[in-house]
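One-letter residues, chain by chain:
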Amino acid sequence: AYQRNDMSVIFQYGPHKRKLMKLKPTHTLGEALVQFCNDQGLPVHSFDVWRGNTKLDLTLTYRTAGLTPRTTLILKKRKAGDCVAKEVRICLQLPNQRLISNFLTSTSLWTILLHFETDNGINIVNVSKDVSGKLEYMQPVLAFAQRQISTNEDLRSTTLQSLGITDGSGLLRLNHRNSGILYNDFMVVEQESLLQYNETEEEPVMEEVNKEEESIPSVDKYRKQKEEEEQLKRAREILIRMDIEEEKRLEEERFNRKREAERRRLEQQRIEYERWKAEEDAKLEAARQRLLDARKNVGIENEQIAAENIEVDDKRAHIEDVVSIYCYYSYSNR
C-alpha cells in the first residue's frame, strides 16, 4: 500500500530508461520532465509526456493532472519540427499593469524580467523599500499556476520549458516581497552571484560544430557573439514592434466595429423617430380637421339660432302691435 502523501510518478522512455520521480505539490510535470531528461542525458525539447493514450499538459501539477501514486508516464518523441525550442507569448502581470512579449521556451525567468525591465523602463529586479529608516531589498517573486519562484537563483535556473510552457501562451504574476536584507549588502552578494551565473551559463548544444569555428581566435569569437546578440536583439525588437502594430490594428478594428454598430443603432433610432413623428403629425392633422369641422358646424348652428331669434323678435313685435291696436279700439268704444 502506498502512503497517502506519496506524490511519486514513474517516468519511462523505451524499455531500459525508467526512473521513479518524487514530486512536490507545487512542481509541474514540465519540471519533472526536465529533471528526468537531465538525469538520462536526453534533450528536453524532444519529448512529450503521455499517460496511456492521453497527452498531458506539462503546466499541470501532480494533483491537477489527476495522477495516482506510482503512475507510469511514457515519454514519446515529438515530430522533427517540434523538437526545437518554440516561441511562446508571455504575459507578465504587475500590480498595476500587464506586459506582453514573445520568448523562446529555453529562456530563463530572470532574462524575461530583465527584458521587460529594459523595454518598458521600469524597475523590477532592483526594487528597494525604506523600512524603519533602513533601505531593504524587495525580492521579486513570480507565480505560475500553484508554483512560486521566490529567489534570484531559482529565477535564473528556471526556464519556461521547466515550468511546462512549451507552446501557446503563459501568464506570470509578479510581486515583491521584503527580503529583510539591507539593499547594499544584498547587492554585493548579488553581484558575486551574477558573476558566477555568467561564467557557468551554458551555451546551447549544437549537433554539429564547424571545425573552422574552433580555430577562430577568442577576440573574433567574442566579436561574432556580439554580432549574433545584436541580430537577436534587432529581431526581438522587430517582433515587439510587429506585436505592437498588430495590437494597434486589432484595437482600431474593434473601435471601427464599435463605431459602425453605434452608427447603425443611431440610424435605426432616427428612422423609428421619423416614423413616429409622421404618425403623430397625421394624428394631429386629423384632430385639427375634426376641430375645423366642429367649428364650422357650430357656426351654422349659431346662424340658425340668430335667424330664429330674429323671427321670434318679429313675432313678438307683431303681437305687441296687435295688442296695442286692440287696447286702443277697446278704449275708444267706451
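This text follows the structure it describes.
From a predicted model like this one, the values you see are computed outputs, not experimental measurements.

Participant: Would you mind showing me how to read helix 1 (residues 29–40) here?
Facilitator: Think of an α-helix as 3.6 residues a turn; residues three or four steps apart then line up on the same face. Here helix 1 is 12 residues long and its end C-alpha atoms lie 16 Å apart, about the 16 Å a rise of 1.5 Å per residue gives. Listed as buried for helix 1 are Leu-29, Gly-30, Glu-31, Ala-32, Leu-33, Val-34, Phe-36 and Cys-37. In this fold, the buried residues of helix 1 make contact with strand 1 (8–13), strand 2 (17–22), strand 3 (47–51), strand 5 (71–77) and strand 10 (147–149). Directly beyond the C-terminal end of helix 1, a positive phi value near 70° is found at Gly-41.

Participant: Is there a simple way to explain the pairing of strand 2 in this structure?
Facilitator: Put simply, side chains in a regular strand alternate between the two faces of the sheet. As defined by bridge partners, strand 1 adjoins strand 2 across six bridges and the pair is classed as antiparallel. The partner of Val-9 across the bridge, within strand 2, is Met-21. Between strand 1 and strand 2, which pair antiparallel and follow one another directly, the connecting turn spans three residues, one of which, Gly-14, has a positive phi of 75°.

Participant: For this particular structure, what's the right way to read a nonpolar patch on the surface?
Facilitator: Side chains of Ile-238, Leu-239 and Met-242 sit close together on the surface and give an oily, nonpolar patch of about 250 Å² of accessible area. Of note, Ile-238 is situated in helix 6 (residues 218–333). Judged by its relative accessible area of 41%, Ile-238 falls in the partly exposed class.

Participant: Explain the side chain of Gln-12 here, please?
Facilitator: Relative to the assigned elements, Gln-12 resides in strand 1. Within the structure, Gln-12 has its side chain in polar contact with the side chain of Arg-18 (distance 2.5 Å). Those residues within four positions of Gln-12 in sequence are excluded, and the remaining contacts are Lys-17, Arg-18, Thr-72, Leu-73, Ile-74 and Leu-75.

Participant: Explain the side chain of Thr-158 to me, please; I cannot follow it from the model alone.
Facilitator: With respect to the element layout, Thr-158 can be found in the loop between helix 3 (152–157) and strand 11 (169–182). Within polar-contact distance, the side chain of Thr-158 engages the backbone oxygen of Asp-154 at 2.6 Å. When residues no more than four places from it in sequence are discounted, the contact partners of Thr-158 are Thr-107, Ser-108, Leu-109, Arg-147, Ile-149 and Leu-163.

Participant: Sorry, what's going on with the pattern of salt bridges here?
Facilitator: In this structure the tally under the stated criterion is 17 salt bridges. A salt bridge links Arg-249 to Glu-253, with the shortest nitrogen-to-oxygen separation between them at 2.4 Å. Linking Arg-249 with Glu-253, this pair stays in helix 6, spanning four residues, or about one helical turn. For the salt bridge of Lys-277 with Asp-281, the shortest nitrogen-to-oxygen distance reads 3.3 Å. Residue Lys-277 and its partner Asp-281 are located together in helix 6, separated by four residues, close to a single helical turn. For Lys-277, a relative accessible area of 38% gives the class partly exposed. Among the residues examined, Asp-281 registers a relative accessible area of 38% and is labelled partly exposed. Here the salt bridges share partners, and the residues they tie into one network are Glu-246, Arg-249, Glu-253 and Arg-257.

Participant: For this particular structure, what's the right way to read the pairing of strand 5?
Facilitator: Alignment of strand 1 against strand 5, held across four bridges, turns out to be parallel. Looking across to strand 5, one finds that Phe-11 is bridged to Leu-73. Across four bridges, strand 3 lies against strand 5 in antiparallel orientation. Opposite Phe-47, over in strand 5, you have Lys-77 as the bridge partner.

Participant: Just checking my understanding: could you explain the environment of Leu-73 for this structure?
Facilitator: Within the secondary structure, Leu-73 sits in strand 5. Look at Leu-73 and you get buried, because its relative accessible area is 0%. Leu-73 sits 25 residues away from Asp-48 along the chain, and the two C-alpha atoms are 9.9 Å apart. Dropping the residues within four chain positions of it, Leu-73 is found in contact with Val-9, Ile-10, Phe-11, Gln-12, Leu-29, Val-49, Trp-50, Arg-51, Leu-56 and Leu-67.

Participant: When you look at the sheet that holds strand 1 in this model, what are you seeing that I'm missing?
Facilitator: Across a sheet, paired strands are connected by hydrogen bonds in the backbone, their directions being either parallel or antiparallel. Overall, mixed pairing links the five strands, which are arranged 2-1-5-3-4 in an open sheet. Each edge of the open sheet carries a strand with a single partner, namely strand 2 and strand 4 (54–55). Against the sheet, helix 1 makes contact with strand 1, strand 2, strand 3 and strand 5, and its axis sits at roughly 135° relative to strand 2, the strand it touches most.

Participant: So what exactly am I meant to see when it comes to the packing of aromatic side chains here?
Facilitator: Enumeration over the complete set of coordinates arrives at five aromatic pairs. Note on Tyr-137 and Tyr-183: the rings are 6.2 Å apart at their centroids and 35° apart in plane angle, and the pair reads as tilted. Of this pair, Tyr-137 sits in strand 9 (residues 134–144) while Tyr-183 sits in helix 4 (residues 183–200), and the two are 46 residues apart along the sequence. A single burial state applies to Tyr-137 and to Tyr-183, both of which are buried. Here the basic side chain of Lys-76 rests over the ring of Trp-50, its NZ or CZ set 4.5 Å away from the ring centre. Lying over the aromatic face of Trp-110, Arg-156 brings its terminal NZ or CZ to 4.4 Å of the ring centre.

About the criteria used
Residues numbered from 1 in each chain as written. Predicted model: local features only at pLDDT ≥ 70, side-chain atom pairs only at ≥ 80, totals over all residues. Heavy atoms only, no water. Helix = DSSP H or I, 4+ residues; strand = E, 2+ residues; numbered from the N terminus. Expected span 1.5 Å × (residues − 1). Buried < 20%, exposed > 50% of the residue type's maximum accessible area, 1.4 Å probe, protein only. Contact = heavy atoms within 4.5 Å. Pairing = 2+ DSSP bridges. Patch = residues over 30% accessible without salt bridge, like charges linked within 9 Å, V, L, I, M, F, W, Y side chains within 5 Å. Areas by Shrake-Rupley, 256 points an atom, 1.4 Å probe, with all protein chains shown as cover. Salt bridge = Lys/Arg side-chain N within 4 Å of Asp/Glu carboxyl O. Polar contact = N/O pair within 3.5 Å; in protein donor to acceptor, adjacent residues only side chain to side chain. Axes fitted to C-alpha atoms, helices over the stretch in contact; angles between N-to-C directions. Phe/Tyr/Trp six-rings, centres within 6.5 Å; stacked < 30°, edge-to-face > 60°. Lys NZ or Arg CZ within 6 Å of the ring centre and 35° of its normal.

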